[in-house]
Amino acid sequence: MKELLIYIAQNLVDNPEEVSVTERETDTETVFELRVNQSDMGKVIGRQGRIAKEIRALMRSVAQRQGKRISVDILE
């Protein structure tokens, strides 16, 4: 799933080489921390957070099919 998130983010931004994803486990779920170049934040978040919301929904859907719980955090 980490690879899917990297693929999605790299296709949205102008600096795909600066996309990184860190995977962190908590008690109840897996947290993916997405980092992109500062100038690309708007492209990943979108107007009123629409793109970020859709990325999270897509990732939750994939995780649910695998019987897992995840969340996606977009960090600077």
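**Remarks on the pairing of strand β2 (residues 30–35)**
Right, so step 1: Most of β2 sits out of view: 5 of its 6 residues are buried.
Right, so step 2: Where strand β1 (residues 20–25) meets β2, 6 bridges bridge the pair, whose relative direction is antiparallel. Bridging from a neighbouring strand, Glu 25 pairs with Thr 30 of β2.
Right, so step 3: Taken together, the 6 bridges between β2 and strand β3 (residues 70–75) define a ladder with parallel strand orientation. What sits directly across from Thr 30, in β3, is Ile 70.

**Topic: helix α3 (residues 50–65)**
Right, so step 1: Spanning 16 residues, α3 covers 23 Å between terminal C-alpha atoms, matching the ideal 22 Å at 1.5 Å per step.
Right, so step 2: Ala 52, Ile 55, Met 59 and Ala 63 are the residues of α3 that are buried. Seen along its axis, α3 keeps its buried residues to an arc of 65°; they face one direction. Residues of α3 that are exposed and angled more than 90 degrees away from the buried face: Arg 50, Lys 53, Glu 54, Gln 64 and Arg 65.
Right, so step 3: Each element contacted by the buried residues of α3 is listed here: α1 (2–12), α2 (41–45) and β3.
Right, so step 4: Backbone geometry just downstream of α3 places Gly 67 in the positive-phi region, at approximately 75°.

**A short note on the packing of α1 against α3**
Right, so step 1: At a minimum axis separation of 11 Å, α1 and α3 run at an interaxial angle of 155°. By the angle between their axes, α1 is roughly antiparallel relative to α3. By crossing handedness, the relation of α1 to α3 is classed as right-handed. In contact with Leu 4, Leu 5, Ile 8 and Leu 12 of α1, α3 contributes Ile 51, Ile 55, Leu 58, Met 59 and Val 62.
Right, so step 2: Here the residues of the contact of α1 with α3 sort into 9 nonpolar, no polar and no charged.

Criteria and thresholds
- Residues numbered from 1 in each chain as written.
- Predicted model: local features only at pLDDT ≥ 70, side-chain atom pairs only at ≥ 80, totals over all residues.
- Heavy atoms only, no water.
- Buried < 20%, exposed > 50% of the residue type's maximum accessible area, 1.4 Å probe, protein only.
- Helix = DSSP H or I, 4+ residues; strand = E, 2+ residues; numbered from the N terminus.
- Pairing = 2+ DSSP bridges.
- Expected span 1.5 Å × (residues − 1).
- Arc of directions from axis to C-beta.
- Contact = heavy atoms within 4.5 Å.
- Axes fitted to C-alpha atoms, helices over the stretch in contact; angles between N-to-C directions.
- Parallel < 35°, antiparallel > 145°, perpendicular 65-115°, else oblique.
- Left-handed = near helix turned anticlockwise from the far one by under 90°.
- Nonpolar A, V, L, I, M, F, W, Y, C, P; charged D, E, K, R; others polar.

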